[in-house]
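Coordinate inspection notes
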Amino acid sequence: MPRILVVEDDADQREIRCLILERSGHTVQSAACSKDALMHVDARDSDCVLMDLRLPRPSDGLQLIQDIRARDARLPLVVLSGWPEDLEKSPMAGSVNAMLKKPVATDCLLRTINRLLLVLVLMLVCAGMSRAQGQSFPFQVAQGGEVLAELTMSSPGSDWAVAGKEGALAAIKVDAQPPQHLMVTGPERSYKIFLGQLKAGAHTLKVERQAADSAAGAGLAVTGAKFENSSSDFIANAPILLARLNTLGKFTDVPLMAYCTRDQDADGAFLEYTVIFTNEDGGTSTRDLMARWGRTTDIEYIYRVWLDSAGKPKKTLIQTKGHEDVPYQGIRIGSHPVLMPVTDNNMVEPAAEDASRLRYQLTPVLADLSDGAREKVMDAAPFTYEIASKELQREGKLRPYGTFQGENISDARNYLVVEFKVSSTLAGVQVLIQRKGEKKWRGSALGLGKDFIERSGWVRTRVELPPGTTPADLSGFGAECLSQRDLVRQPIAKNGHCEVEAMGRVFFLDREYKPGPRIPITGFPEGGWKMEAGELFTLALQ
């Protein structure tokens, strides 16, 4: 019979729940505290946990959820509480399978538990089937050249926020070529890759779940594949990226997508390739990323190439250790350079083709950043926000709203995303937001001078606001200019100035981590705001 663990610090309530479950045919065990509950979880003697949240404090229950998930990612977990907001406002909300508010009808409680037990069985069966099967797609190439593939895939049972369920690694092989890879997580969506140069004729693409680099609880389903030729120069020169060695098997800093921009300098037109990673394990902290860049993904330019009249590389640069630009001096597969991140903030170096067991060939999106920050590429691929947020949850980098925990941040949905164009000289700028009914203003830099934005151009930042804040709650918008923080050995006085030239997108993430509707900043002047260091401007929002 299914085994249920009841966790409740109130002896009378614990006895009643155990009795109800036993009469319905379940084998029941009980625990009066978190310590006893974890002993059962460690013993693997339970098929489902039914727990109160206040044990006796909400923080005790939230910590128990985190501890259970660290031990077992698949164990069904049902929370029964008279105060559901204790969980709903917590980063741990996504780590439970069901939340039931007291008082709950007995039939509702039993249906919930039985449904979760059935889902667990089906998930394990489906995941086992997915692991055992590969999928092959024969296709024809009419004319030899660069070929792209678009795969439709999902990962049944996966959850990027939960250890042991993160996702499944798809190994993709064309004919006898070395395999390339994609990390697949969540529901069905499209994944685009380049296959390189293929000869005209018949070919076969095969997709398999690579067990050694997949989470135990995540299956792989491949439901479709489309192929097309490409004659674009930005496809022909796209870099092949090998996985950083210290990320193998860890579901962190995974390449999510790539984009390419066109630009020009004294040496002529060039292509610049940038990769968006799920997170940054080194370099800028999570808190500073939100303040200075308005996101928690790591976005790094990795390769720049100038082409001659025949379309061949005449000059190249890569971004390597210390953010230094150096010429690329490595192998090419066709026209594709082979690169591998070698630092925790994803600086790259040339690599041998077999330097890492994982290889990514992400089709780059051609992006125009003339009217917005580079983070706008993520807006068109909203899954990037969801995966980045869930990785923070799994890695313990989230904190409750209104608290301070070092470099941690609160739920990404609590933040207002603000994009604007700025020109600063010897100074930095932060954004200020006021809510209706409040006299105080909240700043994007959280009071830290180092988190004012010092670069010029289109930029993004985020301002943390109380959970549940909506556009209708906003009453004021402002910007503040601060002199640069380094006052030592400067040849001129640090009394710089800032100019906020234009406003871009302003939005919240919705409950599914997708960018919400654009919020207008009414009243922002056409000429922008010109500020000296120490000055600020504000305006009332309509």
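Residues numbered from 1 in each chain as written. Predicted model: local features only at pLDDT ≥ 70, side-chain atom pairs only at ≥ 80, totals over all residues. Heavy atoms only, no water.

Bringing the state of the cysteines into the picture now. Throughout the structure, instances matching the rule amount to one disulfide. Between the sulfur atoms of Cys481 and its disulfide partner Cys498 the distance amounts to 2.2 Å. Taking the sign of the S-S torsion, about 70° here, the bridge from Cys481 to Cys498 comes out right-handed. Highlighted residues: Cys481 in strand 28 (residues 474–483) and Cys498 in strand 29 (residues 497–508), separated in sequence by 17 residues. When its relative accessible area of 0% is taken as the criterion, Cys481 is described as buried. Left without a disulfide partner, Cys18 is nearest to the cysteine sulfur of Cys48, which lies 13 Å away. Counting only cysteine sulfurs, Cys48 is the nearest neighbor of Cys108, a cysteine outside any disulfide, at a range of 13 Å. (Disulfide = S-S within 2.5 Å. Helix = DSSP H or I, 4+ residues; strand = E, 2+ residues; numbered from the N terminus. Buried < 20%, exposed > 50% of the residue type's maximum accessible area, 1.4 Å probe, protein only.)

Here we come to the pattern of salt bridges. When their charged atoms lie close together, side chains carrying opposite charge are able to pair. With the rule as written, the count across this model stands at 40 salt bridges. Note that Arg54 and Asp86 form a salt bridge whose closest N and O atoms lie 2.7 Å from each other. Placement of Arg54 in the loop between strand 3 (48–52) and helix 3 (58–71) and of Asp86 in helix 4 (residues 85–88) is noted, with a sequence separation of 32 residues between them. We classify Asp86 as buried; its relative accessible area is 17%. (Salt bridge = Lys/Arg side-chain N within 4 Å of Asp/Glu carboxyl O.)

We now examine helix 9 (residues 383–394). Over its twelve residues, helix 9 runs 17 Å from end to end, which matches the ideal 16 Å to within 8%, given 1.5 Å per residue. Along helix 9, the residues that are buried comprise Thr384, Tyr385, Ile387, Ala388, Ser389, Lys390, Glu391, Leu392, Gln393 and Arg394. In the stretch just after helix 9, Gly396 is the one whose phi turns positive, near 70°. (Expected span 1.5 Å × (residues − 1).)

Moving on to the sheet that holds strand 25 (residues 427–435). With antiparallel pairing, four strands are arranged side by side in an open sheet as 26-25-28-31. With partners counted over all chains shown, the strands left at the sheet margins are strand 26 (441–443) and strand 31 (536–540), one partner each. Shown here is a sheet whose adjacent strand axes are inclined to one another by a mean of 20°, direction ignored. Where strand 25 and strand 28 come together, nine bridges link them in antiparallel fashion. Within the sheet, the bridge partner assigned to Ala427 lies in strand 28 and is Ser483. (Pairing = 2+ DSSP bridges. Axes fitted to C-alpha atoms, helices over the stretch in contact; angles between N-to-C directions.)

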